[in-house]
Every structure is written in C-alpha cells, then in structure tokens.
Amino acid sequence: MVHTKTSNFLKSLFALVTNSSFMLVLFACGIDLGIVTTIGTLLNQILANYYDNPSTDAGKIGLVMFFIGSMAPAVCGIILDKFKAYRLTFVVLQLCTLLTTIAFTYTLNLGIICVYVISALLGFFYTAIQLVSFETAIELTYPEPETISIGIMTATFQIGTLIFTYLYSWVLNTLGITWANNTMSALNIFAFLLVLCIRFQFKREQSHVMGYSH
C-alpha cells in the first residue's frame, strides 16, 4: 500500500513538472512572491536610504501591506467565481504588480505618505496574484491532487524568497537602492512575460460542466 501511494505521488509529480503551463505559473508567481516578501523583509533598510529613523514607519507599512492584502482574496474570489476569467485576471494582476513595483522604486523619495499608499497597493496586488496563481494551477493540473501542486508552489515560494532576499541585499549594498529596485522590476517584467506564455486550459471547470450535462 505504501508502495502504491509512493508510485501515485511520483506519477503526479512527474505530470506536474512536465506540464509547461503549470511550470510557467510556478515560476511567475514564485518571482512575484519572492519580490514582495523581500521588500517586506528589507523595508527598514530600504527606507533608511531616504528617511531618518525608519523603523517605526517600516513596521506600520508592513501592517498596512498585510491589512490591505487580506482584502485581496475576497475580491479576487468573487471575480473568479462569478466570471471565471482566470486568464484576464491573471494578466491584469501581473501587470498591476509590475507597475506598482516600478512606482515603488521611483516614489520612495516623494514623502512617507506616498510610500504608505504604494506599499498598500503592493500588498493588495501581490496577495491577489498568489490566490489567482493557486486557483489557476489547480485548474491547469486537474485531476492531479491539489495538495501536491500547492505544496510544490509553496516550497518554490520559500526558495524564491531566500534567493531574492540575498540578491536584493547584495545589489543594495554593492550598487545602491535604485539598482536593487530596478532589479526587482526587471524580474517582474520577466514574470509578466511568463504569464503571457501560459496556455490556460480550464480542466477542472470543463470537468464540472461535463458532469452537469450528464
């Protein structure tokens, strides 16, 4: 029985890693969440380049990002449930994360209130794209077990966070804050291109429709 479970797991794992659309979602969302987690982790260092005593604001901004981000699943859940517009929602959110990341880079020196506003948008869009990525991955990989696909994505996000945090810190200390933020924006552009290459096949939704028709 254990052998059978192991065999089924390996078959599912192989099916997932050979699913090009799933891998594109995996890497695109891994980049996105790696970026926003890196910004949140190093926010104090980022603000220190523009403001004195940034610790208090860094903590408050982190709280704002979390609070606004907590609203994203409800909003996106309603949109996906009502319209099933996975492709459009994914592409629009990816574009919004890209534009917000660029805005974050070039508005840091415009006042702390501006940083709060842009950071709130970062929290919303990046949290939203995580939800949409999970839902899209489940659609693309059906009937493979959701626990395996989501587990792979979660592990990839953790690895991406470690890599991006190190990369951002290195660029920040070596070349400066603008280069560090531009590097994140460049990675976000790459993620956007990956999303455009995804073939959206709604296997779970099609299965439900066929089930209802019978």
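### Quick notes on the overall build of the chain
Right, on to step 1. In terms of helices and strands, the chain carries 10 helices and 0 strands.
Right, on to step 2. Going from N to C terminus, the chain has its helices and strands arranged as α-α-α-α-α-α-α-α-α-α.
Right, on to step 3. For 214 residues, the compact-globule formula gives about 17 Å, and the C-alpha radius of gyration of the chain, at 19 Å, lands near that figure.
Right, on to step 4. By residue count, 44% of the 214 residues in the chain fall in the buried class.
Right, on to step 5. Partitioning the intrachain contacts of the chain with sequence separation of at least 6 by distance along the chain shows that 80% fall at a separation of at least 24.
Right, on to step 6. Per element, the accessible surface of the chain, about 11200 Å² overall, is 69% carbon and sulfur.

### As for the packing of aromatic side chains
We describe a pair of aromatic rings using the distance from one ring centre to the other and the angle between the two ring planes.
Right, on to step 1. Enumeration according to the criterion identifies 4 aromatic pairs in this entry.
Right, on to step 2. Between Tyr 50 and Tyr 51, the ring centres sit 6.4 Å apart and the planes meet at 45°, which makes this aromatic pair tilted.

### Focus on a nonpolar patch on the surface
Right, on to step 1. A surface patch of nonpolar side chains, amounting to about 360 Å² of accessible area, comprises Leu 95, Leu 99, Ile 102 and Tyr 106.
Right, on to step 2. With respect to the helices and strands, the residue Tyr 106 is situated in helix H6 (residues 86–107).

### Regarding the side chain of Thr 101
Right, on to step 1. By secondary structure assignment, the location of Thr 101 is in helix H6.
Right, on to step 2. A residue is classified by how much of its surface remains accessible, and Thr 101, at 1% relative accessible area, is buried.
Right, on to step 3. At 2.7 Å, the side chain of Thr 101 forms a polar contact with the backbone oxygen of Thr 97.
Right, on to step 4. Aside from chain neighbours lying at most four places away, what touches Thr 101 is Leu 122, Tyr 126, Met 184, Ser 185 and Asn 188.

### A word on the state of the cysteines
Right, on to step 1. Per the stated rule, a full pass over the model turns up 0 disulfides.
Right, on to step 2. Of all cysteine sulfurs in the structure, the one in Cys 76 sits closest to Cys 29, which takes part in no disulfide; the separation is 12 Å.
Right, on to step 3. Its relative accessible area of 0% is what places Cys 29 among the buried residues.
Right, on to step 4. In this structure Cys 197 is not part of a disulfide, and its nearest cysteine sulfur, from Cys 29, lies 16 Å away.

### A closer look at unusual backbone geometry
Right, on to step 1. Residue Pro 143 is reached from Tyr 142 by a cis peptide bond, and omega for that bond is 10°.
Right, on to step 2. As for its placement among the helices and strands, Pro 143 is situated in the loop between helix H7 (112–141) and helix H8 (146–174).
Right, on to step 3. Even without glycine at this site, Asn 53 takes up a positive phi of about 45°.
Right, on to step 4. Considering the arrangement of structural elements, one finds Asn 53 in the loop between helix H3 (43–47) and helix H4 (55–69).
Right, on to step 5. Exposure remark for Asn 53: the relative accessible area of 69% places this residue in the exposed category.

### Comments concerning helix H9 (residues 177–196)
Right, on to step 1. The end-to-end C-alpha separation of H9 is 29 Å, in line with the 28 Å expected for 20 residues at 1.5 Å each.
Right, on to step 2. What H9 keeps buried is the set Ile 177, Ala 180, Asn 181, Met 184, Ser 185, Asn 188, Ala 191, Phe 192, Leu 194 and Val 195. What you see down the axis of H9 is that its buried residues fit within an arc of 165°, all on one side.
Right, on to step 3. Next to the buried residues of H9 lie helix H2 (20–41), H3, H6, H7 and H8.

### Things to note about the environment of Trp 179
Right, on to step 1. Within the secondary structure, Trp 179 sits in helix H9.
Right, on to step 2. Take Trp 179: its relative accessible area is 54%, and that puts it in the exposed class.
Right, on to step 3. In sequence terms Trp 179 and Tyr 168 are 11 residues apart; their C-alpha atoms lie 9.1 Å from each other.

### Observations regarding the packing of H4 against H7
Right, on to step 1. It is the contact of H4 with H7, at a shortest axis distance of 7 Å, that shows an interaxial angle of 35°. In this structure, H4 meets H7 at a crossing whose hand is right-handed. Two secondary-structure elements touch here, H4 through Asp 57, Lys 60, Ile 61, Val 64, Met 65, Ile 68 and Gly 69 and H7 through Ile 112, Val 115, Tyr 116, Ser 119, Ala 120, Leu 122, Gly 123, Phe 124 and Thr 127.
Right, on to step 2. Split into classes, the residues belonging to the contact of H4 with H7 amount to 10 nonpolar, 4 polar and 2 charged.

Calculation notes
- Residues numbered from 1 in each chain as written.
- Predicted model: local features only at pLDDT ≥ 70, side-chain atom pairs only at ≥ 80, totals over all residues.
- Heavy atoms only, no water.
- Helix = DSSP H or I, 4+ residues; strand = E, 2+ residues; numbered from the N terminus.
- Rg over C-alpha atoms; globule rule 2.2 N^0.38 Å.
- Buried < 20%, exposed > 50% of the residue type's maximum accessible area, 1.4 Å probe, protein only.
- Contact = heavy atoms within 4.5 Å.
- Areas by Shrake-Rupley, 256 points an atom, 1.4 Å probe, with all protein chains shown as cover.
- Phe/Tyr/Trp six-rings, centres within 6.5 Å; stacked < 30°, edge-to-face > 60°.
- Patch = residues over 30% accessible without salt bridge, like charges linked within 9 Å, V, L, I, M, F, W, Y side chains within 5 Å.
- Salt bridge = Lys/Arg side-chain N within 4 Å of Asp/Glu carboxyl O.
- Polar contact = N/O pair within 3.5 Å; in protein donor to acceptor, adjacent residues only side chain to side chain.
- Disulfide = S-S within 2.5 Å.
- Expected span 1.5 Å × (residues − 1).
- Arc of directions from axis to C-beta.
- Axes fitted to C-alpha atoms, helices over the stretch in contact; angles between N-to-C directions.
- Left-handed = near helix turned anticlockwise from the far one by under 90°.
- Nonpolar A, V, L, I, M, F, W, Y, C, P; charged D, E, K, R; others polar.

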